[in-house]
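# Structural description and commentary
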Amino acid sequence: MAQATLTARIDSIDKKNFEAFCSTVGLTVSSAINLYVKAVLQKQKLPFEISADPFYNEENLNMLRQSIKQAQNGQLASHELIEV
C-alpha cells in the first residue's frame, strides 16, 4: 500500500502532551493518528461526540448581556456571602 504524508498544525503544548501520551501507551504519534483515521473510515463518523457547551445557549447569553448592561449602568446589588 502506498504511503502518504498528512500535515496538521496543532498547539505546541498539545503536541508535546500527545507525544507523551502515545509513548505511555506504546504507540508512535503516526500509529495513533492512523488508528484514528481507520476508526473514522470504518464507522463513517468521528469516534467521539462533538457538541456545543450548553452554558452558551441563547437564554444564558441574553441573561449575561442584561447583567453586563446593569453593571455598566451602575445597577449592581451587593449582598452578604451565605455559606451553607
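Structural data are supplied above this passage.
In short, a report on the structure.

### What to know about the packing of aromatic side chains
Under the definition given, this model contains two aromatic pairs. On the basis of an interplanar angle of 20° and a centroid distance of 6.3 Å, the ring pair of Y36 and F48 is categorised as stacked. Within this pair, whereas Y36 is found in helix 2 (residues 29-43), its partner F48 is found in the loop between helix 2 and helix 3 (58-72), the two being separated by 12 residues in sequence. Its relative accessible area of 35% is what places Y36 among the partly exposed residues. The class of F48 is partly exposed, set by a relative accessible area of 47%. Between F55 and Y56 the ring centres are 5.1 Å apart and the planes differ by 90°, which places this aromatic pair in the edge-to-face class.

### Points about the pattern of salt bridges
As enumerated under the stated definition, the model contains two salt bridges in all. Linking E58 and R65 is a salt bridge whose minimum nitrogen-to-oxygen distance equals 3.3 Å.

### Some points on unusual backbone geometry
Positive phi outside glycine occurs at Q44, with the angle close to 60°. Mapped onto the elements, Q44 comes out in the loop between helix 2 and helix 3. For Q44, a relative accessible area of 65% gives the class exposed.

### Quick word on the packing of helix 1 (residues 12-24) against helix 2
Contact pair helix 1 / helix 2: the axes reach a minimum separation of 9 Å and the direction vectors enclose 90°. Judged by the inter-axis angle, helix 1 sits roughly perpendicular to helix 2. Here F18, E19 and C22 of helix 1 come into contact with helix 2, specifically with V29, A32 and I33. Residue composition of the contact of helix 1 with helix 2, grouped by class: five nonpolar, no polar and one charged.

### A short note on helix 3
When the terminal C-alpha atoms of helix 3 are compared, their 21 Å separation across 15 residues agrees well with the 21 Å that a helix rising 1.5 Å per residue should span. Looking at where helix 3 begins, the residue whose side-chain oxygen comes 3.1 Å from the main-chain nitrogen of E59 is N57.

Each value, and the rule that gives it
Sequence order as written defines residue numbering, which begins from 1 separately in each chain. Note on the predicted model: pLDDT of at least 70 is required for a residue's local features to be given, and 80 or more for side-chain atom pairs to be given and counted; whole-chain, interface and lining totals, by contrast, use all residues. Each side-chain value is worked out from all heavy atoms of the structure, with water and hydrogens disregarded. Ring geometry is summarised as follows: Phe, Tyr and Trp rings, the Trp one being its six-membered ring, pair when their centres sit within 6.5 Å, and such pairs are stacked at plane angles under 30 degrees, edge-to-face over 60 and tilted between the two. In this description a helix means any DSSP run of H or I spanning at least four residues, a strand means any run of E spanning at least two, and both kinds are numbered starting from the N terminus. For each residue, the accessible area found with a 1.4 Å probe, counting protein chains only, is set against the maximum for its type, and the residue is called buried under 20%, exposed over 50%, and partly exposed in between. A carboxyl oxygen of Asp or Glu within 4 Å of a side-chain nitrogen of Lys or Arg is what we treat as a salt bridge. Here, axes are lines fitted to C-alpha atoms. For helices the fit covers the stretch in contact, and angles between N-to-C directions go from 0 to 180 degrees. The scheme is simple: roughly parallel for angles under 35 degrees, roughly antiparallel for over 145, roughly perpendicular for 65 to 115, oblique for anything else. In what follows, residue pairs with any heavy atoms lying within 4.5 Å of each other are defined as contacts. Ten residue types, Ala, Val, Leu, Ile, Met, Phe, Trp, Tyr, Cys and Pro, are classed as nonpolar, four, Asp, Glu, Lys and Arg, as charged, and the remainder, Gly among them, as polar. The span you would expect from a helix comes to 1.5 Å times its residue count less one. Two N or O atoms form a polar contact when they lie within 3.5 Å of each other; inside protein one atom must be a possible hydrogen donor and the other a possible acceptor, and for residues adjacent in sequence the pair counts only when both atoms belong to side chains.

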